[in-house]
Amino acid sequence: VQLQAFGGGLVQPGGSLRLSCAASGGIFSFDVMGWYRQAPGKQRELVATLNIGGTFDYLDSVKGRFTISRDNAKNTVYLQMNSLKHEDTAVYYCNARVYKSWGLRDDYWGQGTLVTVSS
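For every chain, the first residue of the written sequence is number 1, and numbering continues from 1 along that sequence. Owing to the predicted nature of the model, reporting of local features is limited to residues with pLDDT of at least 70; listing and counting of side-chain atom pairs is limited to 80 or more, with chain, interface and lining totals taken over all residues. Processing note: side-chain calculations cover all non-hydrogen atoms of the structure and skip hydrogens and water entirely.

Asks: I keep staring at the side chain of threonine 49 and nothing clicks. Help me out?
Replies: Numbered from the N terminus, helices here are DSSP runs of H or I no shorter than four residues, and strands are runs of E no shorter than two. Mapping threonine 49 onto the fold places it in strand β5 (residues 45-51). Given a relative accessible area of 11%, threonine 49 falls into the buried group. Contacts: residue pairs with any heavy atoms within 4.5 Å of one another. Once you skip the residues sitting within four places of it in the chain, threonine 49 turns out to touch Val32, Met33, Gly34, Tyr36, Thr55, Phe56, Asp57 and Ile68. Note on exposure labels: buried denotes an accessible area under 20% of the residue type's maximum, exposed denotes more than 50%, and partly exposed covers the range between, all computed with a 1.4 Å probe on protein chains only.

So this is what it looks like as structure tokens:
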């Protein structure tokens, strides 16, 4: 399984970016798709996830500004980021997860795309 992320870049505070991530190879559907980020010197954190049933989960600091969506037919997940702030600067990683028996799960990660919010 490969995940390929697109859409990072340099944006001014208050601006918008849209990230996309397409999964390919071997998996018909993913139970959860989402985005994580890691800023310099910090741990990776969950930004937003969306499960196949339509349940969302967002990092508190991005609620109302970021919107996650997915196209299950294409195994693609999107992250629309509005009203970007300096503190949103990070490498963003897409994730796709498949739950298995006995509480196990497989996690797949994209290569990361850099988002820099700067004036």
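On we go from here.
Asks: Explain the pattern of salt bridges to me, please; I cannot follow it from the model alone.
Replies: Opposite charge on two side chains permits pairing when their charged atoms draw close. In what follows, salt bridge is the name for a side-chain nitrogen of Lys or Arg lying within 4 Å of a carboxyl oxygen of Asp or Glu. Under the defined criterion, the tally for this structure stands at seven salt bridges. A cluster of three or more residues bridged by salt bridges with shared partners is formed by Arg37, Glu45, Arg65 and Asp88.

Asks: Teacher, can you tell me more about the sheet that holds strand β7 (residues 66-71) here?
Replies: The pairing of strands in a sheet comes from backbone hydrogen bonds and takes either a parallel or an antiparallel form. Strands are labelled as partners when DSSP assigns at least two bridges between them. A sheet is described by the order of its strands in space; here four strands give the open sequence β1-β3-β8-β7, paired in antiparallel fashion. With partners counted over all chains shown, the strands left at the sheet margins are β1 (2-6) and β7, one partner each. Shown here is a sheet whose adjacent strand axes are inclined to one another by a mean of 15°, direction ignored. With six bridges connecting them, β7 and strand β8 (residues 76-81) associate as antiparallel partners. The partner of serine 69 across the bridge, within β8, is tyrosine 78. A fitted line through C-alpha atoms represents every axis, and for helices the fit uses only the stretch in contact; the resulting angles, taken between N-to-C directions, go from 0 to 180 degrees.

Honestly, it's all geometry; don't read function into it.
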